[in-house]
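Close look at the chain arrangement
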There are 2 protein chains.
Amino acid sequence: MEYAGRGDPARTMALLWDGVPPAPRRGPRPRLDLDRLVDTAIAEADRTGPAALSMRSLAQALGIGTASLYTYVPGKAELLELMVDRVVGAQPLPPTGAGWRAGLHHLATEDLAAFRAHPWLLQVAASRTVFGPHVITRYEAALSLLDGYGLPAIEVTGCVAAVESYVRGAASAVVEAEQAPARTGSTDQEWWERRLPYLTERMDGRFPRLDALERAGGFTVSDTTLPYTLQRALDRFAYGFDLVLNAIGTRIAASGSPP
Amino acid sequence: MEYAGRGDPARTMALLWDGVPPAPRRGPRPRLDLDRLVDTAIAEADRTGPAALSMRSLAQALGIGTASLYTYVPGKAELLELMVDRVVGAQPLPPTGAGWRAGLHHLATEDLAAFRAHPWLLQVAASRTVFGPHVITRYEAALSLLDGYGLPAIEVTGCVAAVESYVRGAASAVVEAEQAPARTGSTDQEWWERRLPYLTERMDGRFPRLDALERAGGFTVSDTTLPYTLQRALDRFAYGFDLVLNAIGTRIAASGSPP
DNA sequence: AGAAACATCGTACGGTGTTCGTAGTATTTG
DNA sequence: CAAATACTACGAACACCGTACGATGTTTCT
């Protein structure tokens, strides 16, 4: 999942920003266009899981030979970048004029939805920021949400970065909860029924705080440490995001200028 | 980097919680012990990068045959889990009695340090929570930091989860900034000098907010979107973490009971 | 018609995690 | 003491992976 940034920057930048270069004059027509390739790759990655996308299976899904892929794309790393920017491009931008809080909320909700629909985003985007047009457009929109409230530039970028960081981290917990059954090949209940005996035996009495939580709030160990219930994970996402928004609100209030 | 949770849970749990099982009575003595194996794996992963750890190279570093590794560990997935729990076990626990803020600050600082020292943690821990004794001990300690302030249980777990989510997301930005030069094989400056011409040409005039930031605050595009300067990334980490802590403080204050 | 430019793709290379079967060794048993 | 036993060690092989190379076929321009 690393695929160091091999290809020369010019080629990658051109693919991201200009799409496919002008059609060449000679030789046989390409059977594919870049859009179809990237779309198929996204669908395939969604279907088969994050790391399971292989150039061979992608080529097969497209009905072409494996080596032919390299006519369109320098390598897998660049393909992944194109996939990221394309997914981001499909997200709606936050509404302007509804206030910073509604705007950031919209942004985070869309991001969470994208991470859930395309879990591989978490692994790709975690290792390197993609410098595509849609990614930057979205970042620009996020910055403008905090414009006009008197926040200094350094704080605007800081707040947006904080939101992005939190969303990425919390979304990965949500995705984990959502994917746990599929990955283990069994239902949540089976998964826990098989592990709980070992855990309870080992944990017995050694973790008073967790025990207290279990007695007081009806949390089981499985519920607190790893919120395997999707609903619990979503609740946590919302709770923590509210914390972040509240903190941003305090900074805005402290900066003087009203909305 | 997926390595679905193959091995049976009993074996994995036993490895995590009980260490190596009682020494067998017959047959040749094992040449290795589990601790040495895991330690070497950690060192190797630190040295060669996240995904570059291979069972073959690890075996070579240990001076044994590749297949022999599977005598000690069911597979790579389980080995990675052992590595995670071992790293977490090496972290100091937050001081009790210094207050929740100091405690959480200590926790986050140590986590960030661990992510920087072992970048592969971000990719391993992102996909599944490791249920090892040290991980749970650390979680227990985090919970107890917020004990006694009158926060309801659901909020205690919510706040700890929020901190963890933020730290994971923000740390990945820091690590990205720190590793960028090594990954691209060139210095920051070279990397940007090669890409900036293409970027500025494409971005010219299309992103007024970013342009304004550049004019006003001395931010370059490279500085805002991807904080390739390590110092800037660290500043952002601290700023956002302060936001989260402030929000938690507000919740605590609203819950009545003083420290 | 011939040359040049291009897409296609079978094949091969060096890597990966893991399995299998066998060889070897130390303890326990008869 | 010898034989059975239970264990470690590991070379070889399997099924994959991303990618480079070179041959082949197709289209367009001269």
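Refer to the structure above for everything that follows.
The text that follows walks through the structure, step by step, so that each part is easy to find. Everything numeric in this text was worked out from a predicted model, so none of it was measured. (Residues numbered from 1 in each chain as written. Chains lettered and ligands numbered in written order. Predicted model: local features only at pLDDT ≥ 70, side-chain atom pairs only at ≥ 80, totals over all residues. Heavy atoms only, no water.)

Here we take up the overall build of chain A. Of regular secondary structure, chain A possesses 13 helices and 0 strands. Ordering the α and β elements of chain A from the N terminus gives α-α-α-α-α-α-α-α-α-α-α-α-α. By residue count, 49% of the 259 residues in chain A fall in the buried class. Residue pairs in contact within chain A that sit at least 24 positions apart in sequence constitute 73% of those at least 6 positions apart. A total accessible area of about 11900 Å² is found for chain A, and carbon and sulfur atoms account for 53% of it. (Helix = DSSP H or I, 4+ residues; strand = E, 2+ residues; numbered from the N terminus. Buried < 20%, exposed > 50% of the residue type's maximum accessible area, 1.4 Å probe, protein only. Contact = heavy atoms within 4.5 Å. Areas by Shrake-Rupley, 256 points an atom, 1.4 Å probe, with all protein chains shown as cover.)

This paragraph deals with the interface of chain A and chain B. Residue-level contacts link 67 residues of chain A with 67 residues of chain B. Of the roughly 6500 Å² buried between chain A and chain B, counting both surfaces, carbon and sulfur atoms make up 68%. For the pair chain A and chain B, the interface holds 4 salt bridges. The salt bridge partner of R209 of chain A is D147 of chain B, with a shortest N-O separation of 2.6 Å. The interface formed by chain A and chain B holds 14 residue pairs in polar contact (both at pLDDT 80 or more) in total. Residue contributions to the side of chain A that touches chain B peak at 16 residues, all from helix α9 (residues 153-184) of chain A. (Buried area = accessible area lost by both parts, 1.4 Å probe. Salt bridge = Lys/Arg side-chain N within 4 Å of Asp/Glu carboxyl O. Polar contact = N/O pair within 3.5 Å; in protein donor to acceptor, adjacent residues only side chain to side chain.)

This next bit is on the pattern of salt bridges. A full pass over the atoms with the stated rule returns 18 salt bridges over all chains. Its salt-bridge partner being D18 of chain B, residue R202 of chain A comes within 2.2 Å of it at the nearest N-O pair. Of this pair, R202 of chain A sits in helix α10 (residues 188-203) while D18 of chain B sits in helix α1 (residues 9-18), on two different chains. Exposure remark for D18 of chain B: the relative accessible area of 43% places this residue in the partly exposed category. In this structure, E178 of chain B and R116 of chain B form a salt bridge, with 2.8 Å as the shortest nitrogen-oxygen distance. Remark: R116 of chain B occurs in helix α6 (residues 100-117) and E178 of chain B occurs in helix α9 (residues 153-184); sequence separation between them is 62 residues. Classification of E178 of chain B by relative accessible area gives partly exposed; the value is 31%.

Mapping chain A onto chain B calls for a screw motion: a turn of 180 degrees about the axis and a shift of 0.0 Å along it, with 0.1 Å RMSD after fitting. Accordingly, the operation relating the two chain copies is best matched by a two-fold axis. (Least-squares fit on C-alpha atoms with pLDDT ≥ 70 in both.)

This next bit is on the protein's contact with DNA strand D. Around DNA strand D, the structure places 29 residues, and the nearest of them are R25, R29, R56 and K76 of chain A together with R31 of chain B. When atoms of DNA strand D within 4 Å of the protein are split into backbone and base, the sugar-phosphate part holds 71%. Between DNA strand D and M55 of chain A there is a distance of 2.8 Å, counted from a phosphate oxygen to a backbone nitrogen or oxygen. Here a phosphate oxygen of DNA strand D sits 2.7 Å away from a polar atom, N or O, in the side chain of K76 of chain A. When contributions to the surface near DNA strand D are tallied by element, the ones reaching two or more residues are α3 (55-62) of chain A together with α4 (69-72) of chain B. (Near = heavy atom within 4 Å.)

This part is about the packing of helix α6 (residues 100-117) of chain A against helix α13 (residues 230-254) of chain A. Residue and element names in this part refer to chain A. At a closest axis distance of 11 Å, the pairing of α6 and α13 adopts a crossing angle of 150 degrees. Classified by the interaxial angle, the pair formed by α6 and α13 is roughly antiparallel. Crossing handedness for the pair α6 and α13: right-handed. Every residue of α13 that contacts α6 at W100, R101, L104, H105, A108, L112 and R116 is listed here: L230, L234, F237, F241, D242, L245, N246, I248, G249 and I252. When grouped by side-chain class, the residues that make up the contact of α6 with α13 number 11 nonpolar, 3 polar and 3 charged. (Axes fitted to C-alpha atoms, helices over the stretch in contact; angles between N-to-C directions. Parallel < 35°, antiparallel > 145°, perpendicular 65-115°, else oblique. Left-handed = near helix turned anticlockwise from the far one by under 90°. Nonpolar A, V, L, I, M, F, W, Y, C, P; charged D, E, K, R; others polar.)

Looking now at the side chain of D85 of chain A. All names here are of chain A. For D85, the location among the structural elements is in helix α5 (residues 76-90). No salt bridge is formed by the buried D85; its nearest oppositely charged neighbour, R86, is found at 7.9 Å. With sequence-adjacent residues up to four places away left out, D85 is seen in contact with L16, V130, G132, P133, H134 and V135. (Lys, Arg positive; Asp, Glu negative; His and termini not counted.)

Spanning 25 residues, helix α13 (residues 230-254) of chain B covers 36 Å between terminal C-alpha atoms, matching the ideal 36 Å at 1.5 Å per step. Those residues of α13 of chain B that fall on the buried side of the exposure criterion are A233, R236, F237, G240, F241, L243, V244, L245, A247, I248, G249 and I252 of chain B. (Expected span 1.5 Å × (residues − 1).)

Here we come to the nonpolar core. Counting 149 residues, the largest nonpolar core has M83 and I248 of chain A together with M83 and I248 of chain B as the members making the most contacts within it. Apart from the residues within four sequence positions on either side, I248 of chain B is in contact with L243 of chain A together with W100, L104, L146, C159 and V163 of chain B. (Core = buried A, V, L, I, M, F, W, Y, C linked by side-chain atoms within 4.5 Å.)

All right, on to the packing of aromatic side chains then. Across all of its chains, the model carries 8 aromatic pairs over all chains by this definition. With centroids separated by 5.9 Å and ring planes inclined at 45 degrees, the aromatic side chains of Y166 of chain A and F237 of chain A adopt a geometry described as tilted. Pair noted here: Y166 of chain A is in helix α9 and F237 of chain A is in helix α13, with a separation of 71 residues, a long-range link. Take Y166 of chain A: its relative accessible area is 2%, and that puts it in the buried class. Taking the centre distance of 6.4 Å and the plane angle of 90 degrees together, the rings of F207 of chain A and W17 of chain B count as edge-to-face. Placement of the pair is F207 of chain A in the loop between α10 and α11 (208-217) and W17 of chain B in helix α1, with the two residues belonging to separate chains. Each of the two residues, F207 of chain A as well as W17 of chain B, counts as buried. By the ring-pair criterion, three or more aromatic residues cluster together here, those being Y166, F237 and F241 of chain A. (Phe/Tyr/Trp six-rings, centres within 6.5 Å; stacked < 30°, edge-to-face > 60°.)

Glancing now at the environment of T109 of chain B. Residue and element names in this part refer to chain B. Looking at where T109 falls in the secondary structure, it is placed in helix α6. For T109, a relative accessible area of 41% translates into the label partly exposed. A polar side-chain atom of T109 sits 2.7 Å from the main-chain carbonyl oxygen of H105.

So, about the packing of α13 of chain A against α13 of chain B. Angle between the axes and distance between the axes are the two parameters that describe a pair of packed helices. Contact geometry for α13 of chain A and α13 of chain B: axes closest at 8 Å, N-to-C directions at 100 degrees. Classified by the angle between their axes, α13 of chain A and α13 of chain B sit roughly perpendicular to one another. Judged by residue contacts, Y239, L243, V244, A247, I248 and R251 of chain A of α13 of chain A engage Y239, L243, V244, A247, I248 and R251 of chain B from α13 of chain B. Tallied by class, the residues present in the contact of α13 of chain A with α13 of chain B amount to 10 nonpolar, no polar and 2 charged.

Let us look at helix α3 (residues 55-62) of chain B. All names here are of chain B. Among all positions of α3, only M55, L58, A59 and L62 are buried. Mapping the buried residues of α3 onto a view down its axis gives an arc of 100 degrees, with all of them on the same face. Residues R56 and Q60 are exposed on α3 and point more than 90 degrees away from its buried face. Against the buried residues of α3 lie α2 (34-48), α4 and α5 (76-90). After α3 finishes, the residue G63 shows a positive phi value of roughly 75 degrees. (Arc of directions from axis to C-beta.)

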